[in-house]
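# Descriptive structure summary
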Amino acid sequence: MPKEKAREDRVVIGWGDSATLGKSLARKTNTAFAPLSVSVFPDGELLVRLPVPVEGKVVVLIQSLHAPNQKILEIVFAATTAKELGAKKVVLVAPYLCYMRQDKRFHVGEAVAGTVVARLLSRYIDQLVTMDPHLHRHASLGEIYTCETTRLTAADAIAEFIHNNVKNPIVVGPDEESLQWAKRVSGDLKAEVHVLSKTRYSSEKVNIDFDSEKSLEGRGVVIVDDIISTGHTMMEVVKDVKKLGAKNIFCIGVHGIFAKHAYEKLRQLNTKVVTCNTIPHKSNRIDCSGILAEALK
Ligand code: R5P
């Protein structure tokens, strides 16, 4: 079949470690891909340059917002420039959306960074497309973002992965917030689900009890969460399910941040660690580019 001509009213611009996902998104939406040029001057200031003319086009910037601080500025520079040069619309595809866990002033004087970032980005972009944002104290992105927002979920893709790779699965959500993923994933699989309750003492100290006498021997235990950061949440559950006899344990996260060697620590506990490709990592086994592409179509 002759290759379809790429549509000319839109361009996908990606950079850094989101370029691979960006190329895949461009291919799936029949759009040209171009990499944003970003360089850093000796004094630390940034130089951002759009790689192609954007006049009259929809500009799709794709950048996953793990390690977000410099990226936020790059997006502001790129989006502003695109608008100045006549772009019709600027869409930000941020498969992982940062600062969402900082959704309240936990201690006096703290910045509620989730809201600050939402207000900032909303000033420069027209639409945000993201995957499984960490919505806990906010029911929707619209409560903090004033631009158009599209919230996607990897739940069906995770359910398909479990269906194809795990025998006799039981789905475990580490805390109340994971209920939405655990339920949707287990519902599709018609699998048993347990949602536990977590107490967090600090960013690296959590406590979770799996209060059950149930034997997990012979079961494929799938712990599902939106984010794996330090991995302590997963590690706590792994310890609990092992006490109940579990041997075949999967830790599945939508977004694998893996701070502080979390991946290696989880692997040392004899678990299989699987993530979606919202953040590039060797644990990525679930491809979300199709879901992102559908949203852009
Ligand atoms: C928080 O409630 C999230 O859903 C995750 O459970 C949490 O971010 C995981 O963090 P960590 O891997 O550092 O325990």
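The structure we're discussing is the one just above.
Fair warning: this is a prediction, and the values are worked out from it, not measured in the lab.

## Quick word on the site of the ligand
For the ligand, the set of nearby residues contains 15 residues, the closest of which are Glu177, Asp225, Asp226, Thr230 and Thr233. Arginine 101 has a polar side-chain atom sitting 2.8 Å from an oxygen atom of the ligand. Measuring from an oxygen atom of the ligand, one finds a side-chain N or O atom of threonine 233 at 2.6 Å. Mapping the ligand onto the cavity grids shows that it belongs to the largest pocket. At the level of elements, strand E11 (197-202), strand E13 (220-228) and helix H6 (232-243) are the ones that each hand at least two residues to the shell around the ligand. The element that contributes the greatest number of residues to the shell around the ligand is E13, accounting for 4 residues. Looking at the shell around the ligand residue by residue, the class counts come to 2 nonpolar, 6 polar and 7 charged.

## Comments concerning the sheet that holds strand E10 (residues 192-195)
Strand order in the open sheet formed by 6 strands is E10-E9-E13-E14-E15-E16, and the pairing between neighbours is parallel. A single partner strand is all that each edge strand has here, and the edge strands are E10 and strand E16 (284-286). Each strand axis lies, on average, 35 degrees off the axis of its neighbour in the sheet, ignoring direction. Examined bridge by bridge, strand E9 (residues 169-173) and E10 share 4 bridges and lie parallel to one another.

## Quick word on the pattern of salt bridges
Under the counting rule described, the total for this entry stands at 12 salt bridges. Two residues, arginine 7 and aspartate 9, come together in a salt bridge whose shortest N-O distance is 2.8 Å. Residue aspartate 9 is classed as partly exposed on the basis of its relative accessible area, which comes to 33%. Between lysine 260 and glutamate 204 there is a salt bridge, with its nearest N and O atoms 2.7 Å apart. With lysine 260 in the loop between strand E14 (248-256) and helix H7 (262-268) and glutamate 204 in the loop between E11 and strand E12 (205-209), this residue pair connects regions lying 56 residues apart in the sequence. Given the relative accessible area of 52%, lysine 260 is considered exposed. Ionic contacts of the salt-bridge type, sharing partners, join the residues Glu192, Lys214 and Arg219 into one network.

How each quantity is defined
Residues numbered from 1 in each chain as written. Predicted model: local features only at pLDDT ≥ 70, side-chain atom pairs only at ≥ 80, totals over all residues. Heavy atoms only, no water. Near = heavy atom within 4 Å. Polar contact = N/O pair within 3.5 Å; in protein donor to acceptor, adjacent residues only side chain to side chain. 1 Å grid on protein atoms, 1.4 Å probe; cavity = no way out; pocket = protein on both sides within 12 Å on 5 of 7 lines; lining within 4 Å. Sits in = over half its atoms within 2 Å of the grid points. Helix = DSSP H or I, 4+ residues; strand = E, 2+ residues; numbered from the N terminus. Nonpolar A, V, L, I, M, F, W, Y, C, P; charged D, E, K, R; others polar. Pairing = 2+ DSSP bridges. Axes fitted to C-alpha atoms, helices over the stretch in contact; angles between N-to-C directions. Salt bridge = Lys/Arg side-chain N within 4 Å of Asp/Glu carboxyl O. Buried < 20%, exposed > 50% of the residue type's maximum accessible area, 1.4 Å probe, protein only.

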